[in-house]
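Each chain, written out:
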Amino acid sequence: MSTLTVTLIVVHTLISIAAILAGVPAIMDLFRSRTNSASIWFFLVTAILTSATGFVLPLAGVTPAVIVAIIALVILAAVLFAKTRLLEGALWRWIYAGGMVASLYLLVFVAIAQAFGKVGVLHDAAPTASEPPFTITQGITLAFFVLLGLVAAWRFHPTAASRYAAA
């Protein structure tokens, strides 16, 4: 593997970790009905960069990673569009909040898949990623994020003032 490829993988991985870590306070801001916090913007930027940088890594055709990146970018585009329409109705609030949580879920989904593929003890437990340890872990993660997304969308009620709050 070339030095450039290794560097790209490291940068992509660091951006992915930053996006996941930024996702936690960003989702917390949804529960506070904030729309313009630094954590939300940092999460959105790093989530977009994570998906985009995945395309500069060596590609071997259309892989599950490419499909997830495309889905993530479509969701993030919907989130950004909904962000401009938040005060126009509940549908836009649900798209925004649900999309933010779905974006974080996809990042965590990929992190779990990578962990099972690269961390020895996890890989030994599920070498083909179809064994119960992998599917149970992903199932629990999905259930958690579905519940989190529903609650976040339900509780998210921005006001005109929250659109301009920077905190």
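Residues numbered from 1 in each chain as written. Predicted model: local features only at pLDDT ≥ 70, side-chain atom pairs only at ≥ 80, totals over all residues. Heavy atoms only, no water.

Novice: Teacher, can you tell me more about unusual backbone geometry here?
Specialist: Working note: non-glycine residues mostly have negative phi, and peptide bonds are mostly trans. With a phi close to 60°, serine 33 is a non-glycine residue in the positive phi region. Within the element layout of this structure, serine 33 appears in the loop between α1 (3–31) and α2 (38–54). Positioned with a positive phi, alanine 129 is a non-glycine residue whose angle comes to about 60°. Within the secondary structure, alanine 129 is located in the loop between α5 (120–125) and α6 (132–155). (Helix = DSSP H or I, 4+ residues; strand = E, 2+ residues; numbered from the N terminus.)

Novice: What exactly am I supposed to notice about the layout of surface pockets here?
Specialist: To find leftover empty space, one rolls a probe the size of a water molecule over the atoms. Considered as a void within the structure, the largest pocket measures approximately 1,000 Å³ in volume. In this structure, the largest pocket is lined by 31 residues; those nearest its centre are His12, Leu57, Ala65, Val110 and Gln114. Listed by contribution, the elements that provide at least two residues to the lining of the largest pocket are α1, α2, α3 (64–83) and α4 (90–118). No other element matches α4, which puts nine residues into the lining of the largest pocket. Looking at side-chain class alone, the lining of the largest pocket contains 21 nonpolar, nine polar and one charged residues. (1 Å grid on protein atoms, 1.4 Å probe; cavity = no way out; pocket = protein on both sides within 12 Å on 5 of 7 lines; lining within 4 Å. Points joined across faces, edges and corners; volume = space filled by probe spheres on them. Nonpolar A, V, L, I, M, F, W, Y, C, P; charged D, E, K, R; others polar.)

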